[in-house]
Amino acid sequence: MLANYLNRKIPPYYKTMYLDDFEPWQILEAKRQEMRSQFFNDSEDYEVHFTSEIKVK
């Protein structure tokens, strides 16, 4: 996949990535990868509840 090829050299996110001359899109992608790994590796189960109400005039 092209995205994996382009992102292969991006290290894990750290706060001073901008000082090491990373582009903004690379910093954003590093943070996204960190967030994905935290979300999918947590042992907690997530539940989402939707409530909708329809009013007819």
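Look a little higher up for the structure.
Not measured: the values here are computed from a predicted model. (Residues numbered from 1 in each chain as written. Predicted model: local features only at pLDDT ≥ 70, side-chain atom pairs only at ≥ 80, totals over all residues. Heavy atoms only, no water.)

Draft legend 1. Highlighting the overall build of the protein. Along the protein, the regular secondary structure elements total 2 helices and 0 strands. For the protein, whose C-alpha radius of gyration is 18 Å, the value lies well above the compact-globule estimate of 10 Å for 57 residues. Summarising its shape, the C-alpha atoms of the protein cover approximately 60 × 35 × 25 Å along the three principal directions. Carbon and sulfur atoms make up 55% of the accessible area of the protein, which amounts to about 5,900 Å² in all. Taken together, the 8 basic and 10 acidic charged side chains of the protein have centroids lying 7 Å from each other. (Helix = DSSP H or I, 4+ residues; strand = E, 2+ residues; numbered from the N terminus. Rg over C-alpha atoms; globule rule 2.2 N^0.38 Å. Areas by Shrake-Rupley, 256 points an atom, 1.4 Å probe, with all protein chains shown as cover. Lys, Arg positive; Asp, Glu negative; His and termini not counted. Charge placed at Lys NZ, Arg CZ, Asp CG, Glu CD.)

Draft legend 2. Region of interest: the side chain of E29. In this structure, E29 sits in helix α2 (residues 24-41). Those residues in contact with E29 that lie beyond four places of it in its chain are N7, I10 and R36. (Contact = heavy atoms within 4.5 Å.)

Draft legend 3. Region of the structure containing the packing of aromatic side chains. Summed over all chains, the structure comprises 0 aromatic pairs. Sitting above the plane of the Y5 ring, R8 keeps its charged end 4.1 Å from the centroid. (Phe/Tyr/Trp six-rings, centres within 6.5 Å; stacked < 30°, edge-to-face > 60°. Lys NZ or Arg CZ within 6 Å of the ring centre and 35° of its normal.)

Draft legend 4. Expanded view of unusual backbone geometry. Unlike most non-glycine residues, D21 shows phi in positive territory, near 65 degrees. Mapped onto the elements of the fold, D21 is located in the loop between α1 (2-6) and α2.

Draft legend 5. Summary view of α2. Helix length check: α2 (18 residues) gives 26 Å between terminal C-alpha atoms against 26 Å at 1.5 Å per residue, within 8%. Along α2, the positions that sit buried rather than exposed are Q26, I27, E29 and A30. The arc that holds the buried residues of α2, viewed along the axis, is 165 degrees, so those residues lie on one side. Turned more than 90 degrees off the buried face of α2, the exposed positions are P24 and F40. (Expected span 1.5 Å × (residues − 1). Buried < 20%, exposed > 50% of the residue type's maximum accessible area, 1.4 Å probe, protein only. Arc of directions from axis to C-beta.)

Draft legend 6. The pattern of salt bridges, seen in detail. By the definition in use, this model includes 4 salt bridges. Of the charged contacts in the structure, one is a salt bridge between R36 and E29, with a shortest N-O distance of 3.7 Å. As a salt-bridge pair, K31 and E34 come within 2.9 Å of each other at their nearest N and O atoms. Here K31 and its partner E34 are both found in helix α2, 3 residues apart, which amounts to about one turn of the helix. Classification of K31 by relative accessible area gives partly exposed; the value is 29%. (Salt bridge = Lys/Arg side-chain N within 4 Å of Asp/Glu carboxyl O.)

No statement about biological role is implied by the geometric values presented.
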